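Inside the fold
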Amino acid sequence: MKSVSFTKDLIGVQDELLRFAYKLTANREEANGLLQETTLKALDNEDKYIPDTNFKGWMYTIMRNIFINNYRKIVREQTFVDQTDNLYHLNLPQDSGFDSTEGAYDLKEMRRIVNSLPKEYKVPFSMHVSGFKYREIAERLNLPLGTVKSRIFFTRQRLQQELKDFV
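Since we're looking at a predicted model, the values are computed, not measured.

Rules of the game
- Residues numbered from 1 in each chain as written.
- Predicted model: local features only at pLDDT ≥ 70, side-chain atom pairs only at ≥ 80, totals over all residues.
- Heavy atoms only, no water.
- Helix = DSSP H or I, 4+ residues; strand = E, 2+ residues; numbered from the N terminus.
- Buried < 20%, exposed > 50% of the residue type's maximum accessible area, 1.4 Å probe, protein only.
- Contact = heavy atoms within 4.5 Å.
- Areas by Shrake-Rupley, 256 points an atom, 1.4 Å probe, with all protein chains shown as cover.
- pLDDT = per-residue confidence, 0-100.
- Core = buried A, V, L, I, M, F, W, Y, C linked by side-chain atoms within 4.5 Å.
- Salt bridge = Lys/Arg side-chain N within 4 Å of Asp/Glu carboxyl O.

Along its length, the protein chain carries 8 helices and 0 strands. In the protein chain, the succession of α and β elements from N to C terminus is α-α-α-α-α-α-α-α. Per-residue burial over the protein chain gives 27% buried out of 167 residues. Put simply, of all contacts in the protein chain between residues at least 6 apart along the chain, 60% involve residues at least 24 apart. Roughly 11,800 Å² of accessible area belongs to the protein chain as shown, and the carbon and sulfur atoms make up 51% of that amount.

With 80% of its residues at a pLDDT of 70 or more, the protein chain shows a mean pLDDT of 82. Long-range and interchain partners of residues 91-105, a stretch whose pLDDT sits below 50, account for 12 contacts in this model, where long-range means more than four residues apart.

Glancing now at unusual backbone geometry. For aspartate 52, which is not a glycine, the phi torsion comes out positive at approximately 65°. Tracing the sequence through the fold places aspartate 52 in the loop between helix H3 (28-44) and helix H4 (55-78). When its relative accessible area of 82% is taken as the criterion, aspartate 52 is described as exposed. Not every positive phi belongs to a glycine, and asparagine 142 is a case in point at roughly 55°.

Take the nonpolar core next. Counting 17 residues, the largest nonpolar core has Phe6, Ala42, Phe55, Trp58, Met59 and Met63 as its most contacted members. If you list the elements that add at least two residues to this core, you get helix H1 (2-12), helix H2 (14-25), H3 and H4. It is H4 that contributes the most residues to this core, 6 residues altogether. Look past the residues within four positions of phenylalanine 6 in its chain and what remains in contact with it is Ala42, Leu43, Glu46, Tyr49, Phe55 and Trp58.

Looking now at the pattern of salt bridges. Enumeration according to the criterion identifies 2 salt bridges in this entry. In this structure, the salt-bridge partner of lysine 56 is glutamate 16, at a minimum N-O distance of 2.9 Å. On the criterion of sequence distance, the pair formed by lysine 56 in helix H4 and glutamate 16 in helix H2 is long-range, its members being 40 residues apart. Using a relative accessible area of 36% as the deciding quantity, one classes lysine 56 as partly exposed. Overall, the relative accessible area of 26% leaves glutamate 16 in the partly exposed class.

Below, the discussion takes up the environment of arginine 28. One can find arginine 28 in helix H3. Along the primary structure arginine 28 and leucine 18 are separated by 10 residues, whereas in three dimensions their C-alpha atoms are 9.0 Å apart.

Right, let's talk about the environment of asparagine 70 for a bit. Considering the arrangement of structural elements, one finds asparagine 70 in helix H4. According to the relative accessible area criterion, asparagine 70 is partly exposed, its value standing at 28%. The sequence separation of asparagine 70 and leucine 34 amounts to 36 residues, and the corresponding C-alpha distance is 9.6 Å.

Before going further, it helps to spend a moment on the side chain of threonine 155. In this structure, threonine 155 sits in helix H8 (residues 145-163). When residues no more than four places from it in sequence are discounted, the contact partners of threonine 155 are Leu117, Tyr121 and Phe125.

The following block contains the structure:
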């Protein structure tokens, strides 16, 4: 009989879960996918639910955790760290504005300047340009947050100083 009550509760909370999923994703299709994934996870883990506790809260927690895990997975997949010796893939966005020959020269000059820096400045700056947050860089390089910020700031200053004639 436990399964009948569980299924009834699960069906009863679907509309509210769909609204919550839409708030998280802001996309109808993704919200429906998140609802489906949450429902399957709940059915797979029915034995872990303790009867006479907050069923709706349990379901919201499952959905939130699935959403967070999916988001983290997407971020991990889109993260690129340039491991080449000369930081060949310094990763500027495709539409970086360097379509002209002058822009390409500036880009080459920027790479030359960054590559001339010591590794402890070059690596954090390259990661920052690639889209890493200061905190993420600090964690990956096992450095204090303030050190990462100051090294990136120093590199920016150096670039501005050496590129002032190109502007």
